[in-house]
Amino acid sequence: MNLLEIRQKFREISGRFDLVNGDGSDNGANFYINEGRKYLDRLDETQKSWASHFVFMEESLFSVQFPYCRAIKEVWAGSTTARWQLEKKSLQDITTGYLSGMPSDRESGVPLYFSPIITRYVPENLPASSFEAFIGFVDIPAGNVPTYNGIIVNVPTDERLVIEIRGLFYSHELTLDTDSNYWSVVHPLLLIMATMRQIEIVNRNTQGVNDWTTSITDEMKQLGMDLVEELIAEVTQIED
């Protein structure tokens, strides 16, 4: 089901005609649908919790940014001739060991280590351009602070690379009527249940929230068992 179909079914099941117009257009339901989507994403790990995000790291750069990542699990780099996994280091170790000098003095090479970076300014509406002009650099990327995460690598790359971020990501935000995601296509009723739970939170209906949470958790537990079955199926230790 796409967003329009989810919205229409939500109107039918919930009776909230104030949130969905008679022609199926949005009158506030989309907000609760997307909040329910995020609740399901965070509630438990399923076969669709993990995702890969690919982004180019251009020559001479040492960081990339990417949207809607909940947790970075692995980072891989690929060139036209090779592919390798980057080892995670703390941001402090990366900064003191490799990035303490001026950017113009850093030697490029093959990145082997990475660290998640800080992507938030305080105050959030104040760019760090004046400080960057004074010291020559800041490791916090500019713009898109609320929705973006990022990584930094130990050396500026000496060639263009494809960086693959593997981790936990939020499912696709439903904005257009034709939009769909994992929850709307495979588990539409579960998405509607989560939507109605979010409404009960706003209404301060504790019993309603608890009832929906219990029902949703029971359904999610079954999805979690599917993931467990997949993880343990025919797994043997690879000999050295």
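You'll find the structure just up there.
Computed from a predicted structure; not experimentally measured.

Definitions and cut-offs
Numbering of residues starts from 1 in every chain and runs along the sequence as written. In keeping with the predicted nature of the model, local features appear solely for residues at pLDDT of at least 70, side-chain atom pairs appear and are counted solely at 80 or more, and the whole-chain, interface and lining totals rest on all residues. No hydrogens and no water enter the side-chain calculation; it runs on all heavy atoms of the structure. Each helix is a run of DSSP H or I of at least 4 residues and each strand a run of E of at least 2, with the numbering of both proceeding from the N terminus. Any residue under 20% of the maximum accessible area for its type is buried, any over 50% is exposed, and the rest in between are partly exposed; the area is computed with a 1.4 Å probe on protein chains only. We call two residues in contact when some of their heavy atoms are within 4.5 Å. In these tables, accessible area is a Shrake-Rupley quantity obtained with a 1.4 Å probe, and a residue counts as shielded only by the protein chains included in the view. Two strands are said to pair when DSSP picks up at least two bridges between them. To obtain an axis, a line is fitted to C-alpha atoms, over the contacting stretch when the element is a helix, and the angle between two such axes runs from 0 to 180 degrees between their N-to-C directions. Side-chain rings of Phe, Tyr and Trp (the six-membered ring for Trp) are treated as a pair once their centres are within 6.5 Å; stacked means planes under 30 degrees apart, edge-to-face means over 60, and tilted covers the remaining angles. Consider the ring centre and the ring normal. A charge sits over the ring if Lys NZ or Arg CZ is within 6 Å of that centre and within 35 degrees of that normal. N or O atoms within 3.5 Å of each other form a polar contact, as long as, within protein, one can give a hydrogen and the other can take it, and as long as residues adjacent in sequence are counted only when both atoms are side-chain atoms. By convention a nonpolar core is built from buried Ala, Val, Leu, Ile, Met, Phe, Trp, Tyr and Cys residues, the set being connected through side-chain atoms within 4.5 Å. For this document, the term salt bridge refers to a Lys or Arg side-chain nitrogen within 4 Å of an Asp or Glu carboxyl oxygen. With respect to orientation, any angle under 35 degrees is reported as roughly parallel, any angle over 145 as roughly antiparallel, any angle of 65 to 115 as roughly perpendicular, and every other angle as oblique. Under the scheme applied here, ten amino acids are nonpolar (Ala, Val, Leu, Ile, Met, Phe, Trp, Tyr, Cys and Pro), four are charged (Asp, Glu, Lys and Arg), and all others, including Gly, are polar.

(A) Structural detail: the overall build of the protein chain. Each helix and strand in the protein chain was counted, giving seven helices and eight strands. For the protein chain, buried positions account for 36% of its 240 residues. A fraction of 76% describes how many contacts in the protein chain between residues 6 or more apart in sequence connect residues 24 or more apart. Put simply, the protein chain shows about 14,200 Å² of open surface, and 52% of that area lies on carbon and sulfur atoms.

(B) Focus on the sheet that holds strand E2 (residues 63–67). The strand order across the open sheet built from four strands is E2-E7-E6-E5, with neighbouring strands paired in mixed fashion. The sheet is open, and its two borders are formed by E2 and strand E5 (87–88), each paired with just one other strand. Looking at chain direction, strand E6 (residues 113–116) and strand E7 (residues 148–153) are connected through three bridges and run antiparallel. Bridge pairing links Phe114 to Val153 in E7. Of the strands in this sheet, E6 and E7 are in contact with helix H3 (residues 91–98), which crosses E6 at around 130°.

(C) Expanded view of the packing of aromatic side chains. Scanning all chains against the criterion turns up three aromatic pairs. Against the face of Tyr170 rests Arg70, its NZ or CZ located 5.9 Å from the ring centre. Looking at Arg83, its charged tip hangs above the ring of Trp76, at a distance of 5.2 Å from the centre.

(D) Molecular detail of the side chain of Asn30. Here Asn30 lies in helix H2 (residues 29–43). By relative accessible area, which is 12% here, Asn30 ends up buried. Within the structure, the side chain of Asn30 is placed 3.0 Å from the side chain of Arg7, a separation counted as a polar contact. Among all residues touching Asn30, those that are not within four sequence positions of it are Leu3, Arg7 and Thr175.

(E) Main features of the nonpolar core. Among the nonpolar cores identified, the biggest contains 23 residues, and Phe10, Leu40, Trp183, Leu190 and Ile216 are the most heavily contacted of them. Sorting the residues of this core by element identifies helix H1 (3–14), H2, helix H5 (182–186), helix H6 (188–202) and helix H7 (206–232) as the ones contributing at least two each. Excluding its chain neighbours within four sequence positions, the residues that come into contact with Trp183 are Arg37, Leu40, Asp41, Thr46, Ser171, Pro188, Leu190, Leu191, Met220 and Leu223. Residues Cys69, Val75, Ala77 and Leu99 belong to the second largest nonpolar core, which totals 21 residues.

(F) Spotlight on the pattern of salt bridges. What the rule picks out here adds up to 10 salt bridges. Between Glu35 and Lys38 there is a salt bridge; the shortest N-O distance is 2.9 Å. Linking Glu35 with Lys38, this pair stays in helix H2, spanning three residues, or about one helical turn. Glu35 sits in the partly exposed class, given a relative accessible area of 22%. Its salt-bridge partner being Asp41, residue Arg37 comes within 4.0 Å of it at the nearest N-O pair. Linking Arg37 with Asp41, this pair stays in helix H2, spanning four residues, or about one helical turn.

(G) Region of the structure containing the environment of Gln65. Relative to the assigned elements, Gln65 resides in strand E2. Assessed through its relative accessible area of 28%, Gln65 is described here as partly exposed. Here the alpha-carbon distance between Gln65 and Ile152, two residues 87 residues apart in the chain, equals 9.1 Å.

(H) Here's a closer look at the packing of H1 against H2. The N-to-C vectors of H1 and H2 enclose an angle of 105°; their axes lie 11 Å apart at closest approach. Classified by the interaxial angle, the pair formed by H1 and H2 is roughly perpendicular. Residues Leu3, Ile6, Arg7 and Phe10 of H1 form the contact with H2, whose own contacting residues are Ala29, Asn30 and Ile33. Looking at the contact of H1 with H2, its residues break down into five nonpolar, one polar and one charged.

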